[in-house]
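Given next are the chains, with one letter for each unit.
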Amino acid sequence: MAGPSAECPSYKLYYHFGEFAGRGEPVRMLLHLTGTVWEDSCREKQVCGPAAVKQHLVECGEVRGQPLLFPPTLVDHTMSPPIAITQLPCIMQYLGEKHGLAGNSLQDRTRALQIAMTWNDLLAEAMNAFHPIKLNESYQSQKAEAQPYIEKFLASRLSPFLQFFEDNLRINDGGRGFMIGSSLSFADVAILNMLRGYRGSASQHFQDNQEIPLLKALETRLKEEPGIKSFLGSDRTVNKFLDSFC
């Protein structure tokens, strides 16, 4: 896929510029699946760090007066005035609901949100394990100190999350299709990026894990979904999962 269009974007994503996927990557993938024109604002302008991202958004004046927190932030320019959405699960639900990627029933939509929120909890625990000394500094700067925390996380905290996701997949047609319902949803985007993060952050642990066969099979299927495959082959992806499961 070509880079950003010259058309006015329907959406703007505000997330750190850097050589890591982070919490911006699932939003990028979901935006690609909507088929709309979107801008990866901080990546294009090379804005780094949460404070700088927030300041950049404030200075743009697009969502003046609206409450802002930590990136990622999505600005919807199809609304007048534009609105800002924060918190990763909320962004994913919002895009999913607007673009037919959220499930067809209340039960499925609720399960999709539950999966995304649980994944967000997993990311928070992984972040604490990989950044035990200073959360906002790099993993590399505290790698030695982080090792016992990572080992404990992989040994005791990760498994319940993975089992929850595996069980959710199993109850939907025996795990042969998607995370919810009979078509692609933002829950699949969440799980695919969780697995990409797991593989990149703890590759040997991922390879040795025999307890999530349905999730691993789902990963293979999802990477062949046309929209996801085109995203992964484009210049819009940041396919660098180095630590912290994102």
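None of the values given here were measured: they were computed from a predicted structure.

How each quantity is defined
Residues numbered from 1 in each chain as written. Predicted model: local features only at pLDDT ≥ 70, side-chain atom pairs only at ≥ 80, totals over all residues. Heavy atoms only, no water. Pairing = 2+ DSSP bridges. Helix = DSSP H or I, 4+ residues; strand = E, 2+ residues; numbered from the N terminus. Axes fitted to C-alpha atoms, helices over the stretch in contact; angles between N-to-C directions. Left-handed = near helix turned anticlockwise from the far one by under 90°. Contact = heavy atoms within 4.5 Å. Nonpolar A, V, L, I, M, F, W, Y, C, P; charged D, E, K, R; others polar. Buried < 20%, exposed > 50% of the residue type's maximum accessible area, 1.4 Å probe, protein only. Parallel < 35°, antiparallel > 145°, perpendicular 65-115°, else oblique. 1 Å grid on protein atoms, 1.4 Å probe; cavity = no way out; pocket = protein on both sides within 12 Å on 5 of 7 lines; lining within 4 Å. Points joined across faces, edges and corners; volume = space filled by probe spheres on them. Core = buried A, V, L, I, M, F, W, Y, C linked by side-chain atoms within 4.5 Å. pLDDT = per-residue confidence, 0-100. Disulfide = S-S within 2.5 Å. Phe/Tyr/Trp six-rings, centres within 6.5 Å; stacked < 30°, edge-to-face > 60°. Lys NZ or Arg CZ within 6 Å of the ring centre and 35° of its normal.

Caption draft 1: Just the sheet that holds strand S3 (residues 73-76), in detail. Taken in spatial order, the four strands line up as S2-S1-S3-S4 in an open sheet, and their pairing is mixed. Of all strands in the sheet, those bounded by a partner on one side alone are strand S2 (38-40) and strand S4 (83-86). The sheet shows a mean angle of 20° between the axes of neighbouring strands, direction not considered. Pairing between S3 and S4: four bridges, direction antiparallel. Within S4, the residue paired with Asp-76 across the bridge is Ile-83.

Caption draft 2: Molecular detail of the packing of helix H6 (residues 143-170) against helix H7 (residues 186-201). Put simply, H6 and H7 touch, their axes get as near as 12 Å, and they point 145° apart. The interaxial crossing formed by H6 with H7 has left-handed handedness. From H6, Leu-158, Leu-162 and Phe-165 reach across to H7, where they touch Ile-191, Met-194 and Tyr-198. Grouping the amino acids of the contact of H6 with H7 by side-chain chemistry returns six nonpolar, no polar and no charged.

Caption draft 3: Up close: unusual backbone geometry. Across the junction of Pro-71 and Pro-72, the peptide omega takes the value 10°, indicating a cis bond. Looking at the element boundaries, Pro-72 is found in the loop between helix H3 (50-60) and S3. Following Ser-80, the chain continues into Pro-81 via a peptide bond in cis, with omega recorded as 0°. Note on placement: Pro-81 falls in the loop between S3 and S4. With phi around 75°, Gln-87 is a residue other than glycine that occupies positive phi space. On the accessibility criterion, Gln-87 (42% relative accessible area) is partly exposed.

Caption draft 4: Structural detail: the packing of helix H5 (residues 106-130) against H6. Following both chains from N to C, one finds H5 and H6 inclined at 170°, their axes separated by 9 Å at the closest point. In terms of their interaxial angle, H5 and H6 are classed as roughly antiparallel. Within the contact between the two elements, H5 uses Arg-111, Gln-114, Ile-115, Thr-118, Trp-119, Asp-121, Leu-122, Glu-125, Ala-126, Ala-129 and Phe-130 and H6 uses Ala-146, Tyr-149, Ile-150, Phe-153, Arg-157, Leu-158, Phe-161, Phe-164, Phe-165 and Asn-168. Residues belonging to the contact of H5 with H6 are distributed by class as follows: 14 nonpolar, three polar and four charged.

Caption draft 5: Structural context of empty space enclosed by the protein. Under the defined criterion, the tally for this structure stands at one cavity of 30 Å³ or more. Taken as a whole, the largest cavity holds about 30 Å³ of empty space. Along the walls of the largest cavity sit Gly-22, Arg-23, Pro-26, Trp-119, Leu-123, Asn-193, Phe-241, Phe-245 and Cys-246, which together make up its complete lining. Class assignment for the residues of the lining of the largest cavity results in six nonpolar, two polar and one charged.

Caption draft 6: Looking closely at the side chain of Ser-185. By the secondary structure assignment, Ser-185 is in the loop between H6 and H7. Take Ser-185: its relative accessible area is 1%, and that puts it in the buried class.

Caption draft 7: Inspection of the nonpolar core at higher detail. Membership of the largest hydrophobic core comes to 63 residues, with the highest contact counts inside it found for Trp-119, Phe-165, Ile-191 and Phe-245. Looking at this core element by element, the count peaks at 11 residues for H5. Residues within four places of Phe-165 in sequence aside, it is in contact with Ile-115, Thr-118, Trp-119, Leu-122, Met-179, Ile-191, Met-194 and Leu-215. Grouped together as the second largest cluster of nonpolar side chains are nine residues, Tyr-14, Val-53, Leu-57 and Ala-84 included.

Caption draft 8: Examining the confidence of the model for the protein chain more closely. In the predicted model, the protein chain carries a mean pLDDT of 95, and 98% of its residues have values of at least 70. Segment residues 1-5: pLDDT under 50, and 11 contacts once partners within four positions in sequence are set aside and those in other chains are kept.

Caption draft 9: A look at the state of the cysteines. Within this structure, the stated rule accounts for zero disulfides. With no disulfide partner, Cys-8 has as its closest neighbouring cysteine sulfur the one in Cys-60, 14 Å distant. Cys-42 takes part in no disulfide bond, and the closest cysteine sulfur to it belongs to Cys-60, at a distance of 7.9 Å.

Caption draft 10: Spatial organisation of the packing of aromatic side chains. Counted under the stated rule, the structure contains six aromatic pairs. Measuring from centroid to centroid gives 5.4 Å for Tyr-198 and Phe-245, while their planes differ by 15°, and the two rings are stacked. Residue Tyr-198 is located in helix H7, and its partner Phe-245 is located in the segment after helix H10 (226-232); the two are separated by 47 residues in the primary sequence. A residue is classified by how much of its surface remains accessible, and Tyr-198, at 0% relative accessible area, is buried. Each residue in the set Phe-130, Tyr-139, Phe-153, Tyr-198, Phe-206 and Phe-245 is aromatic and connected to the rest through ring pairs, giving one cluster. Seen from the ring of Phe-206, Lys-216 lies directly overhead, with NZ or CZ sitting 4.7 Å from the centre.

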